[in-house]
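Coordinate inspection notes
Residues per chain are reported as follows:
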Amino acid sequence: MDQATAETMLRALDRFIGEWEMTAAPPGGPPWPGKARVTFAWLDGGAFLVERWSLDAPDLPQGTPRSGTCIIGCDAASGSYVQLYADDRRVCRVYEMGLQGDEWTLRRTGAPFAQRFTGQFSADGTTIAGRWELAEDGQTWRTDFDVTYTRVA
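So, here is what we can say about the structure in this document. Keep in mind the model is a prediction, meaning the values are calculated, not measured.

Secondary structure summary: the protein contains one helix and ten strands in total. Over its C-alpha trace the protein gives a radius of gyration of 16 Å, about what one expects of a compact globule, namely 15 Å for 153 residues. Over its C-alpha atoms, taken along the principal directions, the protein stretches across nearly 50 × 40 × 30 Å. Classification of the 153 residues of the protein by burial places 34% in the buried group.

This next bit is on the layout of surface pockets. If you add up the space inside the largest pocket, you get close to 870 Å³. Along the wall of the largest pocket there are 39 residues; nearest its centre are W32, W53, P65, Y85 and F145. Listed by contribution, the elements that provide at least two residues to the lining of the largest pocket are strand 1 (18-25), strand 2 (35-42), strand 3 (49-56), strand 5 (80-87), strand 6 (92-100), strand 7 (103-108), strand 9 (127-135) and strand 10 (142-151). Sort the elements by how many residues they give to the lining of the largest pocket and strand 10 lands first, with five residues. Of the residues belonging to the lining of the largest pocket, the class tally is 24 nonpolar, seven polar and eight charged.

Counting across every chain of the model gives twelve aromatic pairs. With a centroid separation of 6.5 Å and 20° between ring planes, the pair formed by W53 and Y85 is classed as stacked. Pair noted here: W53 is in strand 3 and Y85 is in strand 5, with a separation of 32 residues, a long-range link. The exposure class assigned to Y85 is buried, which follows from its relative accessible area of 13%. Seen from their ring centres, Y95 and W132 are 5.8 Å apart, and the 70° between their planes marks the pair as edge-to-face.

This brings us to the nonpolar core. Core analysis: the largest hydrophobic core is formed by 29 residues, its most contacted members being L13, F16, F40, M97, W104 and Y149. Setting aside residues up to four positions removed in sequence, L13 forms contacts with W42, L49, I72, Y81, M97 and L99.

Moving on: the environment of M97. Turning to its location among the elements, M97 is positioned in strand 6. By relative accessible area, M97 is classed as buried at 6%. Linking M97 and P33, residues 64 residues apart in sequence, is a C-alpha distance of 28 Å. Every residue in contact with M97, bar those within four places of it in the chain, is listed here: L13, F16, I72, Y81, V82, W104, T105 and L106.

Let's shift gears to the sheet that holds strand 2. The strands making up a sheet associate through hydrogen bonds between their backbones, and the pairing can be parallel or antiparallel. On the basis of which strands lie adjacent, the closed barrel formed by ten strands has the order 1-2-3-4-5-6-7-8-9-10 and antiparallel pairing. Direction aside, neighbouring strands of the sheet carry axes that sit 25° apart on average. Here five bridges tie strand 1 to strand 2, and the two strands are oriented antiparallel to one another. Residue pairing for strand 2: M22 is matched across the bridge by A36.

Right, let's get into the environment of S67. Examined against the element boundaries, S67 turns out to sit in strand 4 (residues 67-75). The spatial distance from the C-alpha of S67 to the C-alpha of M22 is 13 Å, given a sequence separation of 45 residues. Once residues lying within four places of it in the same chain are set aside, the contact partners of S67 are W53, S54, D87 and D88.

Reading the values: rules and limits
- Residues numbered from 1 in each chain as written.
- Predicted model: local features only at pLDDT ≥ 70, side-chain atom pairs only at ≥ 80, totals over all residues.
- Heavy atoms only, no water.
- Helix = DSSP H or I, 4+ residues; strand = E, 2+ residues; numbered from the N terminus.
- Rg over C-alpha atoms; globule rule 2.2 N^0.38 Å.
- Buried < 20%, exposed > 50% of the residue type's maximum accessible area, 1.4 Å probe, protein only.
- 1 Å grid on protein atoms, 1.4 Å probe; cavity = no way out; pocket = protein on both sides within 12 Å on 5 of 7 lines; lining within 4 Å.
- Points joined across faces, edges and corners; volume = space filled by probe spheres on them.
- Nonpolar A, V, L, I, M, F, W, Y, C, P; charged D, E, K, R; others polar.
- Phe/Tyr/Trp six-rings, centres within 6.5 Å; stacked < 30°, edge-to-face > 60°.
- Core = buried A, V, L, I, M, F, W, Y, C linked by side-chain atoms within 4.5 Å.
- Contact = heavy atoms within 4.5 Å.
- Pairing = 2+ DSSP bridges.
- Axes fitted to C-alpha atoms, helices over the stretch in contact; angles between N-to-C directions.

Structural measurements only, silent on function.
Here it is, written out as structure tokens:
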């Protein structure tokens, strides 16, 4: 049986490294105004990937986060990834993360609602097209927003 090693799992995350521009839109709607930047970089030693993001959009609804940080790590024994999320509202969450082929997934089931994200890397690795969904009752999923990450050259 082939068991993943930490090194193999961490090297799979290399595809995220760099700076990305992010656009988001409600289902079937126009993109939200403003600019969003996302950077992925290895934390010292390369055992954890750090994602930092910021939004420059003055007309977002009150309560919308403007910046945040995620720490991504792996558990090679179980072949799984975990993402620790925190934003400027002091919201902290833990997501189960997956990376299979070109598909990136995040999922959490805790209060106040369940969330899931599915993103697809383009063949050339320059974009990730995804969708965030939520389920207030933990079972009935609806699209929260669509998101596209575009690598900055």
